[in-house]
Amino acid sequence: MTLTPERLSTDQVDTVADRLRTVLREDQVLTSKTDRLNRARVPAPFPVHRWRERLPDLAVLPESTDEVAAVVRIANELRVPVVPRDGGTGLTDGAVPLHGGIVVDVKRLNQVHELDLDNRTVTVGTGINMLKLNEQLGRHGLIYPDDPASYPCSLVGGRIGTSGWSLVGSRYGHTRDLVLSFDHVLPTGDVIHVGDGIGRKISKSSSGYQLKHLFMGHQGTLGIATRATLKLYPKPEAELSPFWAFDNYDDAYRCVGALARAGVATFAGAVLFDEYKVAYLRRDDEAYIPQPSDVRALVCAVMYGYEDEVRPAGRRLFRIAKEHGARYLGDEISEGDWAARHDRYATPLHGRTKAGQVVPMSWHCEDAAVNYTQLPAVSQAWHAIIADLRRKTDVFDDWGMFAYTSADTGVDYLTEIDVGIWEQRLDDEAWALWVQAKRDIARAALEHGGSISACHGSCREGEVDLVPSELGRGFEVMLDLKQMLDPHNVMNPGKYHLDLAYAGDAEAALQQLRDT
Ligand SMILES: Cc1cc2nc3c(=O)[nH]c(=O)nc-3n(C[C@H](O)[C@H](O)[C@H](O)COP(=O)(O)OP(=O)(O)OC[C@H]3O[C@@H](n4cnc5c(N)ncnc54)[C@H](O)[C@@H]3O)c2cc1C
C-alpha cells in the first residue's frame with residue numbers, strides 16, 4: 001500500500017466510469033470538466049492557480065443506499081479514492097478530493113422517508129437540508145432544530161460528516177444529539193445501521209459500543225451516511241433575541257457568562273462579539289442593520305419556547321444584562337440581526353486593501369472549543385497572530401472574533417476568528433503564511449486547554465498537523481480503526497493524516513508531526 005494514492009490515468013478513469021455505469025444510469029455518472037469543477041470548490045480559500053490539483057476524476061449522483069454501496073464496492077475493488085460531498089460548505093476541505101477519484105454527491109438522496117408524529121422522529125435521505133426539511137415539518141407544527149449559520153446550504157449528511165455545531169445548540173443540542181441513528185456505507189461497501197447502541201429511534205441505549213459517534217465527524221474517512229433518523233421538537237411559538245451594547249469587552253464577557261450560567265430553560269444560546277467583529281459587521285450593511293458607532297462589544301442572547309415561558313425568562317435575562325452594564329439596542333436591531341444570522345457571510349465585496357480600496361474577498365474562519373475562563377487569553381493570542389499576518393501583507397483583510405455558548409451551562413464556547421482573504425492574490429507565499437497562522441491559532445487553543453475545532457473539523461494544512469498532539473494515544477487508535485475498516489485507504493484519503501495508518505514507519509512520522 002502506498003502512502004499517497006497515485007492519480008488515475010485517462011484509461012483508468014474510463015475503466016472506472018464503465019464499471020460505474022453497470023450500477024448507475026448514464027446521467028448519474030458525470031465526467032465533464034464543468035461537472036467536476038463544480039464539485040471541487042468549497043468556501044475555504046486556496047490559491048486560485050492551484051485549483052486544478054483538487055479536481056475529482058469523476059462524480060456520481062446515486063439515488064439510494066444500495067447505489068451508494070455499489071459505487072463504494074467498485075471503488076474498493078479498483079482501489080480508487082471516494083469522497084462524499086453534501087452541500088460542499090465544509091470549511092476545512094473535508095469534501096475536497098485531495099487525490100482525485102470519485103466524488104459521491106448525495107444531493108439526490110433528499111427524500112423524507114417517514115414522519116413519525118407519535119415518536120416525534122423523521123427519517124430522511126442525507127441529501128436533504130434543514131431549511132427544506134423544516135418547510136415540510138412546519139405544516140405539522142414541528143421543527144428539526146439543527147441551525148448552523150450555513151442552515152440554507154449545508155445538508156444532513158455533511159452535518160453528520162462534520163458532527164456540526166448549531167447556533168441554538170444550548171437549547172436543543174448539536175447535530176450529534178439530534179441525529180438518532182443512520183444507515184452507513186462502510187469503506188468496503190457493506191451497509192450497517194448505527195445509533196446509540198443499535199436503536200433506530202432510540203435516544204438512549206447501552207447495548208454495545210456507541211458506534212454512532214465513531215461514524216460522525218470523521219469527514220468522510222470511514223464511509224457514507226445515507227439515511228438518517230432525526231429528533232423533532234415543537235415549532236417554537238415565541239422567540240426573543242435581545243442584542244445588548246457595551247462600552248468595553250470585559251463587561252460584555254462577564255455578562256455573557258452570567259447569562260449562560262443562569263440556568264434558564266428556554267435559553268438557546270448567547271454570543272459575544274468583540275470590538276473588531278462589531279466593526280466588521282458594521283461595514284457589512286447589506287446584511288446587517290448598522291450598529292451605533294460607539295458600541296465596543298456586543299452580546300446577544302436567544303430564547304425559544306412558548307409565549308408564556310419565553311416572556312418571564314426574558315425579563316430575568318434583561319435584569320442580568322442590566323446588572324452588567326448592558327444597553328439594549330432595541331427590538332428592530334435585535335430581531336433584524338438575529339434574523340440575518342444565516343447570511344452573515346454572503347459578502348464577497350467585503351474586503352479592503354491597506355490603502356482602503358474595496359476588493360473582492362472571501363472570508364475564512366478558524367474555530368476552537370474553549371472553556372469560558374480561557375476566552376480572554378485565547379482572544380488575545382489569536383488577535384496577535386492575525387495582526388502579525390496583516391502587517392506582512394494585505395492579502396489578508398480585517399478580522400473579528402466571536403464566542404458562542406456550546407452548552408446551556410456555559411461550560412465551553414465555540415470561539416471563532418473570521419479573516420477576509422483576497423483569494424485572487426493568494427499565491428504560494430501568502431498561502432504558507434496563512435497555513436502557519438492556522439497552525440499557531442490551533443496551538444494557542446490547545447495551550448489553553450481547548451480543542452482545535454468546535455464544529456468545522458480540522459482537516460486542512462496547518463491545524464491538521466496538531467491533531468495527533470491533541471488526541472495523544474487516541475490518534476493511534478484512530479489509525480488502527482482506519483486501517484481495519486478501510487483496508488485499501490479508499491475513503492477520502494489524505495485527510496486527518498490518516499494515511500499514516502498505511503505507512504511503513506508510522507511512529508517516526510507521528511513523532512515528526514508532534515514535533516511540528
Ligand atoms: C456561511 C457558512 C456558515 C457556517 N456555519 C456553520 C455553523 O454555524 N456550524 C457548523 O457546524 N458549521 C458551519 N459551517 C461549516 C459547514 O456548513 C459545516 O461543516 C457542515 O456540517 C457541512 O455540511 P455540508 O453538507 O456542506 O458538507 P460537505 O462540505 O459536503 O462535507 C463535509 C464533510 O463531511 C463529509 N461528508 C459529506 N457527506 C457525508 C455523508 N453523507 N456521510 C459521511 N460523510 C460525509 C465530507 O466528505 C466532508 O469531509 C458554515 C459554513 C459556511 C459556508
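Residues numbered from 1 in each chain as written. Predicted model: local features only at pLDDT ≥ 70, side-chain atom pairs only at ≥ 80, totals over all residues. Heavy atoms only, no water.

Trainee: Give me helix α14 (residues 428–447): which residues, what numbers.
Mentor: If you check α14, its first and last C-alpha atoms are 28 Å apart, about what 20 residues at 1.5 Å a residue would give, namely 28 Å. Inspection of α14 places Ala-430, Trp-431, Trp-434, Val-435, Ala-437, Lys-438, Arg-439, Ile-441, Ala-442, Ala-444 and Ala-445 among the buried residues, and these make up the whole buried set. Structurally, α14 contributes buried residues whose contacts are with β19 (362–371), α13 (375–392), β20 (396–405) and β21 (412–421). After α14 finishes, the residue Gly-449 shows a positive phi value of roughly 75 degrees. (Helix = DSSP H or I, 4+ residues; strand = E, 2+ residues; numbered from the N terminus. Expected span 1.5 Å × (residues − 1). Buried < 20%, exposed > 50% of the residue type's maximum accessible area, 1.4 Å probe, protein only. Contact = heavy atoms within 4.5 Å.)

Trainee: Help me get a handle on the sheet that holds strand β5 (residues 112–116), residues and values and all.
Mentor: As summarised here, the arrangement of the five strands in space is β5-β6-β10-β8-β9, forming an open sheet in which the pairing is antiparallel. Only two strands of the sheet have a single partner each, and these edge strands are β5 and β9 (191–195). Between one strand axis and the next, the sheet turns through 15 degrees on average, direction left out of account. Against the sheet, helix α3 (residues 65–78) contacts β8 (179–185), β9 and β10 (224–231), and its axis sits at roughly 45 degrees relative to β8. (Pairing = 2+ DSSP bridges. Axes fitted to C-alpha atoms, helices over the stretch in contact; angles between N-to-C directions.)

Trainee: I'd like a description of the UniProt feature "domain: FAD-binding PCMH-type" (unreviewed entry) in the protein, backed by residues and values.
Mentor: Within this numbering scheme, the UniProt entry marks residues 52–235 as carrying the feature "domain: FAD-binding PCMH-type" (unreviewed entry). Note that residues 52–235 is 23% helix and 24% strand, and that its end C-alpha atoms are spaced 45 Å apart. (UniProt positions renumbered as here; feature names shortened; annotations may be inferred.)

Trainee: Quick one: what's the story with the domain arrangement of the protein, residue by residue and with numbers?
Mentor: A common way to state how big an interface is: give the accessible area lost once the parts meet. Looking at the assigned domains, one finds that the protein contains domain 1 (10–105), domain 2 (112–234), domain 3 (238–448) and domain 4 (469–515). On a C-alpha basis, the centres of domain 2 and domain 3 stand 27 Å from each other. Summing the contributions of domain 2 and of domain 3, the shared interface buries around 1200 Å²; its carbon and sulfur component is 56%. Counting the surface domain 2 buries against domain 3, the share from its top three residues, Trp-165, Ser-170 and Arg-171, is 47%. Between domain 2 and domain 3 we count one salt bridge in total. Arg-341 is paired through a salt bridge with Asp-147; the nearest N and O atoms lie 3.0 Å apart. Across the domain 2-domain 3 interface, the total number found is eight residue pairs in polar contact (both at pLDDT 80 or more). (Domains from an automatic or database assignment. Buried area = accessible area lost by both parts, 1.4 Å probe. Salt bridge = Lys/Arg side-chain N within 4 Å of Asp/Glu carboxyl O. Polar contact = N/O pair within 3.5 Å; in protein donor to acceptor, adjacent residues only side chain to side chain.)

Trainee: Describe the sheet that holds strand β4 (residues 102–105), naming the residues involved and giving the relevant values.
Mentor: In a beta sheet, neighbouring strands pair by backbone hydrogen bonds and run either parallel or antiparallel. Taken together, four strands build an open sheet; the order of strands is β1-β2-β4-β3 and the sheet is mixed. Strands at the two margins of the open sheet, each flanked by one partner only, are β1 (29–30) and β3 (82–85). Examined bridge by bridge, β1 and strand β2 (residues 58–60) share two bridges and lie antiparallel to one another. Its bridge partner being in β2, Val-29 is matched across the sheet by Val-60. In the packing of helix α1 (residues 10–20) onto the sheet, contacts are made with β1, β2 and β4, and the angle to β2 comes to roughly 10 degrees.

Trainee: Go over the pairing of β4, please, and point to the residues and values.
Mentor: One face of the sheet, then the other: side chains in a regular strand alternate in exactly this way. Burial along β4 is two-sided: the residues Ile-102 and Val-104 and Val-103 and Asp-105 are all buried. In this structure, β2 lies alongside β4, joined through three bridges in parallel fashion. Within the sheet, the bridge partner assigned to Leu-58 lies in β4 and is Ile-102. Alignment of β3 against β4, held across four bridges, turns out to be parallel. The partner of Val-83 across the bridge, within β4, is Val-103.

Trainee: Talk me through the packing of α13 against α14; I want residue IDs and the actual numbers.
Mentor: At a minimum axis distance of 9 Å, the contact between α13 and α14 shows a crossing angle of 170 degrees. It follows from the interaxial angle that α13 and α14 lie roughly antiparallel. Where α13 approaches α14, its residues Val-378, Ala-381, Trp-382, Ile-385, Ile-386, Leu-389 and Lys-392 are matched on the opposing element by Leu-433, Trp-434, Ala-437, Asp-440, Ile-441, Ala-444 and Ala-445. Looking at the contact of α13 with α14 residue by residue, the classes come out as 12 nonpolar, no polar and two charged. (Parallel < 35°, antiparallel > 145°, perpendicular 65-115°, else oblique. Nonpolar A, V, L, I, M, F, W, Y, C, P; charged D, E, K, R; others polar.)

Trainee: Hey, could you go over empty space enclosed by the protein for me, with residue numbers and the actual values?
Mentor: To find leftover empty space, one rolls a probe the size of a water molecule over the atoms. One pass over the structure, following the stated rule, counts four cavities of 30 Å³ or more. Its volume calculated, the largest cavity comes out at about 60 Å³. In terms of lining residues, the largest cavity is bounded by Leu-91, Thr-92, His-364, Cys-365, Glu-366, Asp-367, Ile-452, Ser-453, His-456, Gly-457, Ser-458 and Glu-463. The wall of the second largest cavity is formed by Tyr-249, Leu-272, Asp-274, Leu-375, Ser-379, Met-401, Phe-402, Ala-403 and Thr-415. When residues of the lining of the second largest cavity are traced back to their parent elements, those giving at least two are α13 and β20. The greatest single-element share of the lining of the second largest cavity, amounting to three residues, is contributed by β20. The residue makeup of the lining of the second largest cavity, split by class, is six nonpolar, two polar and one charged. (1 Å grid on protein atoms, 1.4 Å probe; cavity = no way out; pocket = protein on both sides within 12 Å on 5 of 7 lines; lining within 4 Å. Points joined across faces, edges and corners; volume = space filled by probe spheres on them.)

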